[in-house]
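Each chain, written out:
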Amino acid sequence: SIVLDLESRRLEFSGQEIVIGASANADCSFPGDQRLSDRHAILRNVTGRWLIEAQGDAAIRVGDGRPTKVAWLNPGDVIHLSEQGPRITFSPTQQSPEDSGPIRLANRGEARAADSSQFE
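Notes on the structure in this doc start here. Every value quoted in this text rests on a predicted model; they were computed, and no experiment measured them.

So, about the pattern of salt bridges. Under the counting rule described, the total for this entry stands at four salt bridges. Between Arg 44 and Glu 17 there is a salt bridge; the shortest N-O distance is 3.1 Å. Residue Arg 44 is found in strand S5 (residues 41-46), and its partner Glu 17 is found in strand S3 (residues 17-21); the two are separated by 27 residues along the sequence. On the basis of relative accessible area, Glu 17 is assigned to the partly exposed category, the value being 31%.

Formed by 25 residues in total, the largest nonpolar core has its most connected members in Leu 4, Cys 28, Leu 43, Ile 52 and Ile 88. What Ile 88 contacts, discounting residues up to four positions off in sequence, is Leu 4, Asp 5, Leu 6, Ile 20, Cys 28, Phe 30, Asp 77, Val 78, Ile 79 and Leu 81.

Time to look at the pairing of S3. Within S3, four of the five residues are buried, leaving the element largely enclosed by the surrounding structure. Examined bridge by bridge, S3 and S5 share four bridges and lie antiparallel to one another. Residue pairing for S5: Ile 20 is matched across the bridge by Ala 41. The pairing of S3 with strand S4 (residues 28-29) spans two bridges and is parallel. When the bridges of S4 are listed, Gly 21 appears paired with Ser 29.

Analysis parameters
Residues numbered from 1 in each chain as written. Predicted model: local features only at pLDDT ≥ 70, side-chain atom pairs only at ≥ 80, totals over all residues. Heavy atoms only, no water. Salt bridge = Lys/Arg side-chain N within 4 Å of Asp/Glu carboxyl O. Helix = DSSP H or I, 4+ residues; strand = E, 2+ residues; numbered from the N terminus. Buried < 20%, exposed > 50% of the residue type's maximum accessible area, 1.4 Å probe, protein only. Core = buried A, V, L, I, M, F, W, Y, C linked by side-chain atoms within 4.5 Å. Contact = heavy atoms within 4.5 Å. Pairing = 2+ DSSP bridges.

Quick look at the structure:
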């Protein structure tokens with residue numbers, strides 16, 4: 001599982017893929033945030049490492065890096081979803097050996113987040 005620290009709350013997710021976006025149907029949702037597309041980015045667990053992939057025309061930035069479409073994530077990385085948009089701090093949790101079975105994807109509605117800041 002992973003923990004995403006948003007500016008206003010902390011969310012924990014189980015699963016191999018987490019959709020981030022403005023849609024109320026996104027796993028990590030920023031409803032009505034005009035800076036984000038409905039499916040702005042997807043976090044994916046790829047053989048034990050997490051990767052973030054921007055969707056459509058969107059670009060993301062990890063830490064002080066350049067805007068990109070795809071980036072590998074390390075614990076503590078700050079993900080910038082847009083230039084002035086929401087920031088998310090990525091924190092994977094440690095899995096114990098008994099947890100190594102199938103991982104359940106968080107149900108939509110289990111975790112939601114709202115960000116009140118606006119684009120300039």
